[in-house]
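Residues per chain are reported as follows:
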Amino acid sequence: MTSYDARPSGCTPFEEELMNAMNSYADSADAPEFDAPAMVRRTRRRRAVGIAAVATAIVVAGGGTALASMTGGTHQGARPAASSTAVSSDATTMLYGFSEGRPFPIDFSNFDLEGAKSYLLKTQTKLGTVSKKAVKGCKPGSVVGLDPHTPKIVKPGDTVNLTICAG
């Protein structure tokens, strides 16, 4: 057939020859091999590792949140971080004694009365008397002194007396 009329298949000779070549190649090529059970195991293992990673992150974040709430991390005002380094004044620093280890200094110099009360509640110490004192350059209502202060160590259940700025 040398004419270019329409064939019974509806294809030109070039298209028919191309189809035959593609079919013979497809018939001669090996089918790809894959291991379905191994693919399923790998998918399950990846999923398990991902779930374990998320669970670990949640536990770590929960522990950090619990630690922050225990040490006063949820207060509306800014408060100085308690550290074991030198603090601004011994008169406003309380050495809090844990059951084990060294005492922990807590600086009350930038606390107002409400902030100091909530921090004393968190350290399980009791608020004693609150007195006012006129101090030059202090913010009215802020803590300017406490008793007992450094170097005396305060333990849970002890009473702490505060002196606040009169203005």
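Within every chain, residues take consecutive numbers counted from 1 along the sequence as written. Thresholds applied to this predicted model are a pLDDT of at least 70 for local features of residues and 80 or more for the giving and counting of side-chain atom pairs; totals over whole chains, interfaces and linings are not thresholded and use all residues. The basis for the side-chain values is all heavy atoms of the structure; hydrogens and waters are excluded.

Caption draft 1: Just the packing of aromatic side chains, in detail. Two aromatic rings, drawn from Phe, Tyr or Trp (for Trp, its six-membered ring), form a pair once their centres lie within 6.5 Å of each other, and the interplanar angle then sorts them: stacked below 30 degrees, edge-to-face above 60, tilted otherwise. For the structure shown, the criterion picks out three aromatic pairs. Geometrically, the ring pair formed by F108 and Y119 is edge-to-face, given 6.0 Å between the ring centres and 90 degrees between the ring planes. Residue F108 is located in the loop between β2 (104-107) and α3 (113-122), and its partner Y119 is located in helix α3; the two are separated by 11 residues in the primary sequence. Taking relative accessible area as the criterion, Y119 reaches 9% and is therefore assigned buried. An angle of 35 degrees between the planes, with centres 5.6 Å apart, marks the rings of F111 and Y119 as tilted. Judged on exposure class, the residue F111 and its partner Y119 are both buried. A run of H or I in DSSP counts as a helix once it spans at least four residues, and a run of E counts as a strand once it spans at least two, with each numbered from the N terminus. A 1.4 Å probe rolled over the protein chains alone gives each residue an accessible area, and that area as a share of the maximum for its type sets the label: buried under 20%, exposed over 50%, partly exposed in between.

Caption draft 2: α3, seen in detail. Every buried residue of α3 is accounted for by G115, A116, Y119 and L120. Down the axis of α3, the buried set is contained in an arc of 135 degrees. They therefore lie on one face. Of the residues in α3, the exposed ones pointing more than 90 degrees away from the buried face are E114 and L121. Should any heavy atoms of two residues lie within 4.5 Å, those residues are considered in contact. Where α3 is buried, its residues touch β1 (93-96), β2, β3 (126-133), β4 (143-147) and β6 (159-165). A positive phi of about 60 degrees marks Q124, the residue just after α3. This arc is built from the directions going out from the helix axis to the C-beta atoms.

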